[in-house]
Amino acid sequence: MRVIESISEMQQQANMWRKEGITIGFVPTMGYLHDGHLALVKKARQLSDVVVVSIFVNPTQFGPGEDIERYPRDLKRDLGLLTEYGVDITFVPYSHEMYLQGYQTYVEVKELTQPLCGRSRPGHFQGVTTVVAKLFNIVKADVAVFGEKDFQQLLAIRRMVADLNMDVEIVGHPIVRETDGIAMSSRNAYLSPDERQTALRLNRSLDEARRLVEDGERNGDVILERVRSMLEKGRGLRIDYAELRHPESLQEVSLLEGPTLLALAAYVGKARLLDNRLITPPGMN
Ligand code: AMP
């Protein structure tokens, strides 16, 4: 596996591949890799001739109070894993080259980024869509794989690609979980053993909501009430949001009449954790 740090070197390699008709699969990450990331890599390998993974802790998607310096990093281990998984290139750009002095261009997806994480992390999605647009211009991917754990991010990227006529196919990948059900996340590294137990409540409350709907409940308030009360019983857990939304428009849903996204964000200790599930009332797919 080759490691590339320079933007122009990455672009040259991508141009060469494209000229030869070799298709490029791409998985953007912030590193500190786990099996969730590696599942996306496997998917990208199935869909393309070569695979590029980027590792870049993107400063523009972190807010002022969010400590980018504290974000977990282990580049050596990451490169070992990506070699094992047969990745062709890991692209590890320098922040000062990605954001040159005088940088002033941003990509913003409007409505889809307003609710949920957009409310508690102003500017976050603008940072995400900007860096992903830049990475698409550098890696020149034919197909890029993103996780459904960051469901709103996936929707924003799909919207950006459609709206700006970007020539790349976006593929979503289901959430990869630990055996106990917790959604894999680099931020799980912040959790103490006790906090980890508390964090299990996210997935369990999603299970409970699904059970309620399977038993016939359609009222969004009733479902969310149950979810919130399960979460609030967790020691040290603070809910950021627990909401039912349409899985394409992200409009709020008060009565379940089709597939509906139940999206959760909660602080457990120092970690802000996300989870979500698509819940479909029986017979309403
Ligand atoms: P990150 O390194 O957190 O920016 O994530 C990079 C990519 O991996 C994003 O597309 C995430 O949605 C995806 N990802 C992270 N965790 C998971 C998971 N548990 N299951 C599936 N995809 C994930």
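Residue positions within a chain follow its written sequence, with the count starting from 1. Whole-chain, interface and lining totals are the exception, using all residues; otherwise, since this is a predicted model, local features are given only for residues with pLDDT of at least 70 and side-chain atom pairs are given and counted only at 80 or more. Computation of side-chain values covers all heavy atoms of the structure but excludes hydrogens and water.

Tell me about the sheet that holds strand β9 (residues 271-279), and name the residues and values.
Strand pairing in a sheet is mediated by backbone hydrogen bonds. Such pairs are either parallel or antiparallel. When DSSP finds two or more bridges between two strands, those strands count as paired. The secondary structure listing takes helices from DSSP runs of H or I that are at least 4 residues long and strands from runs of E that are at least 2 residues long, numbered from the N terminus. Pairing is antiparallel across the open sheet formed by 3 strands, whose spatial order is β7-β8-β9. This sheet does not close on itself; its edge strands, each paired only once, are β7 (237-245) and β9. Sheet twist, expressed as the mean angle between neighbouring strand axes with direction ignored, is 15 degrees. The pairing of strand β8 (residues 260-268) with β9 spans 9 bridges and is classified as antiparallel. Each residue of the ladder has a partner; that of Leu 261, found in β9, is Leu 278. The axes used here are C-alpha line fits, helices contributing only the stretch in contact, and every angle between their N-to-C directions lies in the interval 0 to 180 degrees.

Lay out the environment of His 124 with the relevant residues and their values.
Looking at the secondary structure, you find His 124 in helix α6 (residues 124-139). Here's how the labels work: a residue is buried when its accessible area is under 20% of the maximum for its type, exposed when over 50%, partly exposed in between, all with a 1.4 Å probe on protein chains only. Judged by its relative accessible area of 9%, His 124 is buried. Along the backbone, His 124 and Asn 188 are 64 residues apart, and their C-alpha atoms lie at a distance of 20 Å.

Tell me about helix α1 (residues 7-19), and name the residues and values.
Each residue after the first adds 1.5 Å to the expected span of a helix. With 13 residues, α1 should cover 18 Å at 1.5 Å per step; its first-to-last C-alpha distance of 18 Å lies within 8% of that length. Among the residues of α1, Ile 7, Met 10, Gln 13, Ala 14 and Trp 17 are the ones counted as buried. The buried residues of α1 occupy an angular sector of 130 degrees when the element is viewed end-on, so they sit on one face. The exposed set on the far side of α1, more than 90 degrees from its buried face, consists of Gln 12 and Lys 19. Contacts between residues were defined by any pair of non-hydrogen atoms, one from each residue, lying within 4.5 Å. Summarising the contacts, the buried residues of α1 are in contact with β1 (2-4), β2 (24-29), β3 (50-55), β4 (89-91), α4 (95-98) and α6. One or two steps after α1, the chain reaches Gly 21, where phi turns positive at roughly 80 degrees. This arc is taken over the directions from the axis of the helix to the C-beta atoms.

Describe empty space enclosed by the protein, and please don't skip the residues or the numbers.
A cavity, in this analysis, means grid points on a 1 Å lattice covering only the protein atoms where a 1.4 Å probe fits yet has no way out; a pocket is instead an open set bounded by protein on both sides within 12 Å along at least five of seven lines, and a residue lines either one if it has an atom within 4 Å of a point. Grid points are joined across faces, edges and corners, and a volume is the space filled by probe spheres set on the points. Summed over all chains, the structure comprises 1 cavity of 30 Å³ or more. Taken as a whole, the largest cavity encloses approximately 70 Å³ of empty space. Every residue along the wall of the largest cavity is listed here: Lys 149, Ile 182, Ala 183, Ser 185, Asn 188, Ala 199, Leu 202, Asn 203, Leu 273, Leu 274 and Asp 275. Elements with a minimum of two residues in the lining of the largest cavity: α8 (193-214) and β9. Only Asp, Glu, Lys and Arg are considered charged, only Ala, Val, Leu, Ile, Met, Phe, Trp, Tyr, Cys and Pro nonpolar, and every remaining residue, Gly among them, polar. Residue composition of the lining of the largest cavity, by class: 6 nonpolar, 3 polar and 2 charged.

Give a detailed account of the layout of surface pockets, specifying residues and quantitative values.
Each pocket or cavity is described by its volume, and for the second largest pocket that value is around 200 Å³. Ile 55, Phe 56, Val 57, Arg 73 and Val 92 are the residues nearest the centre of the second largest pocket, which is lined by 15 residues in total. Taken together, the residues of the lining of the second largest pocket break down into 10 nonpolar, 2 polar and 3 charged.

Which residues make up α8, and what values do they have?
End to end, α8 covers 32 Å across 22 residues, agreeing with the expected 32 Å (1.5 Å per residue, within 8%). Residues of α8 that are buried include every one of Thr 198, Ala 199, Leu 200, Leu 202, Asn 203, Ser 205, Leu 206, Glu 208, Ala 209, Leu 212 and Val 213, and no others. Considering only its buried residues, α8 is in contact with α9 (220-232), β7, β8 and β9. Downstream of α8 by one or two residues, Gly 216 has phi in the positive range, about 110 degrees.

Describe the pattern of salt bridges, with residues and values.
Whenever Lys or Arg places a side-chain nitrogen within 4 Å of a carboxyl oxygen from Asp or Glu, that contact is recorded as a salt bridge. Within the structure shown, the criterion is met by 14 salt bridges. Here Arg 2 ties to Glu 9 by a salt bridge, and the two come within 3.1 Å at their closest N and O atoms. Looking at Arg 2, the relative accessible area reads 34%, which means it is partly exposed. Across the pair Glu 66 and Arg 121 runs a salt bridge whose closest N-O atoms are separated by 2.7 Å. In this pair, Glu 66 sits in the loop between β3 and α3 (75-84) while Arg 121 sits in the loop between α5 (117-120) and α6, placing the two residues 55 residues apart along the sequence. For Arg 121, a relative accessible area of 10% gives the class buried. Among the charged side chains, a salt-bridge network with shared partners connects Arg 119, Glu 243, Arg 245 and Glu 252.

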